[in-house]
Amino acid sequence: MSGSGGESSAPLTRRSIFAQAWPIILGQASIPLVGIVDTFVIGRTGDAVALAGVALGSVIVTFVFWAFGFLRMGMTGLTAQAYGTGDTLETNALLVRGLAMGAVIGLILFALQWPLTAGAFALMAGGEKLTEAAHGYVSVRFFGAPAALGFYALLGWLFGLGRTRAALALQLIMNVANVALDIGFVWGLGWGARGVAAGTAMAEWIALASGIAIAVRVSGWPAFLRLRQYPHLFARAELRRLINVNLDIMIRTLALLFLFAWFANGGARLGTVQLAANAVLNQFVAVGAYVLDAFAFTAEARVGAAIGRGRREEVMRAIRLTGEFSLGAGLLLAALILIAGGMVVDGMTPNGAVRASAYPYLPYVALIPLLGMPAWLLDGVYVGATWSRPFRNAALVTVAMYIATDLALRPYAAHGLWLAMLLSYLYRAVTLGALLPARLRTIAPRASAA
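Treat the numbers as computed from the prediction; the structure is a model and nothing was measured.

Engineer: Help me understand the packing of helix H3 (residues 70–85) against helix H15 (residues 362–385) in this model?
Structural biologist: Axis separation between H3 and H15 bottoms out at 7 Å; the angle between their running directions is 55 degrees. By the angle class used here, H3 and H15 are oblique. Facing H3, whose interface residues are Met-73, Gly-77 and Gln-81, H15 presents Val-383, Gly-384 and Ala-385. Along the lines of polarity and charge, the residues of the contact of H3 with H15 split into three nonpolar, three polar and no charged.

Have a look at this one:
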């Protein structure tokens, strides 16, 4: 790697953990801020159908795209472990494989968008106008599929190296472009839900081009040129390893995406106004998730590098230090939502019915970052360690428990819907935590890890 090593090579202290995490906090926080801007841009038009259409369409696109989120998560763990062993050639080769895989999968998704969207809308509840608005959003978003999946791989690679400042620059480039394009297309050109989708798709292509330039700068062009003589760059065994390691992560991701889609469909079942209110409330959840993910991503890089070096005590210390920061952040986020949540809702939409439908559920939303904190942190530990099979199993158990809880609470309408979602985070934490001691005992010291 050109220049100094990534933050993952620094000693494990609270200062080094925060130095690695703060760029991720800013970058991650900017992602839900884009969602807030999307909601604000559409919400200020006063069109509840368009707002609900963007919310429903976003769920479908997220489900389809993030089904391949292993390109981000698996890339982080594998890169961190390769970096921990000092294998620079394999570290760079992982990025090339990830980008190639993202491009191929993205093109396939673009080609299959009609049957994918038709199947999704057949499963979703909603009226004709809502479906029309959501379909317009989804059809435009698929133009950005190859770039979006390539972006996942780039971020995962940078996180695995601990290059969080470079990742921050890349995220800010995409998010600033997204905000500017959305405002121009919706308010300037009056494109509605399609305008939001067009802005996001174009921003994803801008981010991909920028990310490749950042990656070359991080490693240096000569380092990538040496890959031409690397016999295992696209070897079948190496590609199969990349796929096999991440297959369980893909199943886990699909399971959780099904959980969120079930939740979204529950909101649609309660009517367009409640679905729109849930879209506003979900922006609080997104802020909490993305901020807490900063410490989870730090745990990914630290745990992966420590396992690459065969140092169990370093893994334990990384979990403890990132856990301290995660707990503090969860408490702060919960307090902020309780204090200022109502004012934020008022600023996001002028629709009185949507506001009234959002207010009663702010306490549930405020508890999510606090109860969800252990789940997000443990996600980072399992991803960094590439413990993909128990990661998958815990998610499957969680989804089954969530669905049972949601069905049992349906008589309580939206209160039951939000309570079941809140409990799902607790289920994730409990299942992952129960499996952790046995996984820690499997870390074998390396002969070179003295």
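Having put the structure on the table, let's press on.
Engineer: What exactly am I supposed to notice about the packing of aromatic side chains here?
Structural biologist: One pair of aromatic rings is described through two measures. These are the centre distance and the angle between the planes. One pass over the full model with this rule turns up twelve aromatic pairs. Ring plane angle 65 degrees and centroid distance 6.3 Å describe the contact between Phe-68 and Phe-70, whose orientation is recorded as edge-to-face. The same class applies to Phe-68 as to Phe-70, namely buried. In this structure an aromatic cluster arises from ring pairing among Phe-18, Phe-295 and Phe-325. Its end group placed over the ring of Phe-297, Arg-72 keeps NZ or CZ at 4.2 Å from the ring centre.

Engineer: Please explain the nonpolar core as it appears in this structure.
Structural biologist: General note: in soluble globular proteins, nonpolar side chains tend to be found buried as a group. With 130 residues, the main nonpolar core has Phe-65, Leu-109, Trp-387 and Trp-418 as its most contacted residues. It is helix H12 (residues 272–308) that provides the largest number of residues to this core, a total of 16 residues. When near neighbours in sequence (up to four residues on either side) are disregarded, Leu-109 contacts Val-64, Phe-65, Phe-68, Leu-116, Phe-142, Ala-145 and Leu-149.

Engineer: Could you clarify how one ought to interpret a nonpolar patch on the surface in this entry?
Structural biologist: A cluster of nonpolar side chains, Val-104, Ile-108, Leu-112 and Leu-116, forms an exposed patch at the surface whose accessible area comes to about 320 Å². Positionally, Leu-112 belongs in the loop between helix H4 (88–111) and helix H5 (113–123). Residue Leu-112 is classed as partly exposed on the basis of its relative accessible area of 42%.

Engineer: Quick question: what am I supposed to make of the pattern of salt bridges here?
Structural biologist: When the charged atoms of two side chains with opposite charge come close together, those side chains can pair. In the structure shown here, the tally under the stated rule is eleven salt bridges. Salt-bridge contacts for Glu-300 lead to Arg-72; the nearest nitrogen and oxygen are separated by 2.6 Å. One end of the pair, Glu-300, is in helix H12; the other, Arg-72, is in helix H3, with 228 residues separating them in the sequence. Its relative accessible area of 2% is what places Glu-300 among the buried residues. Between Arg-428 and Asp-379 there is a salt bridge whose closest N-O contact spans 2.4 Å. Of this pair, Arg-428 sits in helix H17 (residues 413–440) while Asp-379 is found in helix H15, placing the two residues 49 residues apart along the sequence.

Engineer: It is not clear to me how helix H8 (residues 164–188) should be interpreted in this structure. Could you clarify?
Structural biologist: An ideal rise of 1.5 Å per residue puts 36 Å on 25 residues; H8 measures up with 35 Å between its terminal C-alpha atoms. A positive backbone phi angle near 70 degrees is found at Gly-190, which sits one or two residues after H8.

Engineer: Got a minute to help me understand unusual backbone geometry in this structure?
Structural biologist: For residues that are not glycine, phi is negative in most cases, and the peptide bond is trans in most cases. One non-glycine residue, Thr-386, lies in the positive phi region at around 55 degrees. Structurally, Thr-386 is set in the loop between H15 and helix H16 (388–409). For Thr-386, a relative accessible area of 24% translates into the label partly exposed. Even without glycine at this site, Ala-413 takes up a positive phi of about 55 degrees. Inspection of the secondary structure assignment puts Ala-413 in helix H17.

Engineer: What should I look at first to understand the environment of Ala-301 in this one?
Structural biologist: Within the fold, Ala-301 resides in helix H12. On the basis of relative accessible area, Ala-301 is assigned to the buried category, the value being 0%. Taking the C-alpha atoms as reference, Ala-301 lies 9.4 Å from Gly-84; in sequence the two are 217 residues apart.

Definitions and cut-offs
Residues numbered from 1 in each chain as written. Predicted model: local features only at pLDDT ≥ 70, side-chain atom pairs only at ≥ 80, totals over all residues. Heavy atoms only, no water. Axes fitted to C-alpha atoms, helices over the stretch in contact; angles between N-to-C directions. Helix = DSSP H or I, 4+ residues; strand = E, 2+ residues; numbered from the N terminus. Parallel < 35°, antiparallel > 145°, perpendicular 65-115°, else oblique. Contact = heavy atoms within 4.5 Å. Nonpolar A, V, L, I, M, F, W, Y, C, P; charged D, E, K, R; others polar. Phe/Tyr/Trp six-rings, centres within 6.5 Å; stacked < 30°, edge-to-face > 60°. Buried < 20%, exposed > 50% of the residue type's maximum accessible area, 1.4 Å probe, protein only. Lys NZ or Arg CZ within 6 Å of the ring centre and 35° of its normal. Core = buried A, V, L, I, M, F, W, Y, C linked by side-chain atoms within 4.5 Å. Patch = residues over 30% accessible without salt bridge, like charges linked within 9 Å, V, L, I, M, F, W, Y side chains within 5 Å. Areas by Shrake-Rupley, 256 points an atom, 1.4 Å probe, with all protein chains shown as cover. Salt bridge = Lys/Arg side-chain N within 4 Å of Asp/Glu carboxyl O. Expected span 1.5 Å × (residues − 1).

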